[in-house]
Amino acid sequence: MKQLCFATNNAHKINEVAFALGGAFEILTLAEIGCTEELPETTGTISGNSRQKARYVTDHFQIDCFADDSGLEVDALNGEPGVDTAFYSGSRDHAKNMAFLLTKLDGITNRRARFRSVITLVQNGEEDQFEGTVEGRIATNLQGEGGFGYDPIFIPEGYDQTFGELSMEIKNGMSHRAKAVRALVAFLA
Ligand code: ITT
């Protein structure tokens, strides 16, 4: 079976992608290829950071790989936090990041938002990108403890519950990352 490194330090992403792949190929983690460093994310865009992470791993470890960069875009905040999603409040603390976002949206009725994922595949030196989005809205308080990151405050379109409350099966049926992974799998097939 084809092996590809998934250039991420986020264990939740690995679980989700492994689930969405359904055995289409075998994932090697960064730990398994001996990469222990933080990956660079300095380009200022989601697609640029996705490419930068994948390139870093292929350049330093000479292995085909893919990386995901993702973020939450809130319409009333002109697309924030966007590329800054992981560090929105100044730290990686998801509870603080969600609280910071909820404070910014205090009193704002337009809660429309989307998650975006851009996956970059680097294979035999060639680059390809795959994108997925899921539309939804930001809840007024935290609901549910499933998933990761901003899942407890993101309600996908067509539902009344957050990704934190919905099952992994439901999230993976519609999520930004699952859509990008499906496009990646179709490309590799
Ligand atoms: P890697 O760069 O190592 O892959 P990361 O967690 O730093 O891991 P990103 O730079 O792509 O990942 O940051 C994206 C952030 O967006 C992530 O930390 C979460 O806070 C949030 N996020 C992305 N996808 C999400 C999802 O499916 N559910 C909830 N939050 C998500």
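Just so you know, these numbers come straight off a predicted model, no measurement behind them.

## Here we look at the overall build of the chain
Part 1: Along the backbone of the chain there are six helices and six strands.
Part 2: The order of α-helices and β-strands along the chain, N terminus first, is β-α-β-α-α-β-α-β-β-β-α-α.
Part 3: Taking 16 Å as the expected radius of gyration for a compact globule of 189 residues, we find that the chain reaches 16 Å, a close match to that expectation.
Part 4: Considered along the principal axes of its C-alpha atoms, the chain spans approximately 50 × 30 × 25 Å.
Part 5: Counting only residues that meet the buried cut, the chain has 46% of its 189 residues in that class.
Part 6: Of the contacts made within the chain by residues no fewer than 6 positions apart, 57% connect residues no fewer than 24 positions apart.
Part 7: Looking at the chain as shown, the accessible area adds up to about 8900 Å², and 48% of this sits on carbon and sulfur atoms.
Part 8: The average position of the 17 basic charges and that of the 27 acidic charges among the side chains of the chain differ by 3 Å.

## Focus: the sheet that holds strand β1 (residues 3–6)
Part 1: Taken in spatial order, the six strands of this open sheet run β2-β1-β3-β4-β5-β6, and their pairing is mixed. Strands at the two margins of the open sheet, each flanked by one partner only, are β2 (26–28) and β6 (154–156). The sheet shows a mean angle of 40° between the axes of neighbouring strands, taken without regard to direction.
Part 2: Against the sheet, helix α3 (residues 46–61) engages β1, β3 (65–74), β4 (112–123) and β5 (126–138), with an angle of about 160° to β3.
Part 3: Across the sheet, helix α6 (residues 176–188) touches β1, β3, β4 and β5, and the angle it forms with β4 is around 30°.

## Digging into the packing of aromatic side chains
Within a pair of aromatic rings, the relevant descriptors are the distance that separates the centres and the angle that separates the planes.
Part 1: Counted under the stated rule, the structure contains seven aromatic pairs.
Part 2: Measuring from centroid to centroid gives 5.9 Å for Phe25 and Phe66, while their planes differ by 85°, and the two rings are edge-to-face. Of this pair, Phe25 sits in the loop between α1 (11–21) and β2 while Phe66 sits in strand β3, and the two are 41 residues apart along the sequence. Accessibility classification places Phe25 together with Phe66 in one group, the buried group.
Part 3: The rings of Phe6, Phe25 and Phe66 are connected pair by pair, giving a single aromatic cluster.
Part 4: Taking NZ or CZ as reference, Lys171 lies 5.4 Å from the ring centre of Phe163, over its face.

## Thoughts on the state of the cysteines
Part 1: Tallying each qualifying case throughout the model produces zero disulfides.
Part 2: With no disulfide of its own, Cys35 lies 7.3 Å from the sulfur of Cys5, the closest cysteine sulfur.
Part 3: Exposure remark for Cys35: the relative accessible area of 3% places this residue in the buried category.
Part 4: Looking at Cys65, it has no disulfide partner, and the nearest cysteine sulfur is the one in Cys5, 5.5 Å off.

## Looking at the pairing of β3
Part 1: Judged by how many residues are buried, β3 sits mostly within the fold: 10 of 10 residues are covered.
Part 2: The side-chain alternation of β3 yields two buried faces, one formed by Cys65, Ala67, Asp69, Gly71 and Glu73 and the other by Phe66, Asp68, Ser70, Leu72 and Val74.
Part 3: Here β1 runs beside β3; their pairing, made up of two bridges, is parallel. When the bridges of β3 are listed, Cys5 appears paired with Cys65.
Part 4: When β3 meets β4, the two strands line up antiparallel, connected through 10 bridges. Among the inter-strand pairings, Asp68 is bridged to a residue of β4, identified as Ile119.

## Observations regarding the site of the ligand
Part 1: In the vicinity of the ligand lie 21 residues, with Thr8, Lys53, Asp151, Lys171 and Arg177 positioned nearest.
Part 2: Protein coverage of the free-state accessible area of the ligand, which is 610 Å², stands at 96%.
Part 3: Contributing elements (two or more residues each) for the shell around the ligand: β3 and α6.
Part 4: Here the residues of the shell around the ligand sort into four nonpolar, eight polar and nine charged.

Cut-offs used in this document
Residues numbered from 1 in each chain as written. Predicted model: local features only at pLDDT ≥ 70, side-chain atom pairs only at ≥ 80, totals over all residues. Heavy atoms only, no water. Helix = DSSP H or I, 4+ residues; strand = E, 2+ residues; numbered from the N terminus. Rg over C-alpha atoms; globule rule 2.2 N^0.38 Å. Buried < 20%, exposed > 50% of the residue type's maximum accessible area, 1.4 Å probe, protein only. Contact = heavy atoms within 4.5 Å. Areas by Shrake-Rupley, 256 points an atom, 1.4 Å probe, with all protein chains shown as cover. Lys, Arg positive; Asp, Glu negative; His and termini not counted. Charge placed at Lys NZ, Arg CZ, Asp CG, Glu CD. Pairing = 2+ DSSP bridges. Axes fitted to C-alpha atoms, helices over the stretch in contact; angles between N-to-C directions. Phe/Tyr/Trp six-rings, centres within 6.5 Å; stacked < 30°, edge-to-face > 60°. Lys NZ or Arg CZ within 6 Å of the ring centre and 35° of its normal. Disulfide = S-S within 2.5 Å. Near = heavy atom within 4 Å. Nonpolar A, V, L, I, M, F, W, Y, C, P; charged D, E, K, R; others polar.

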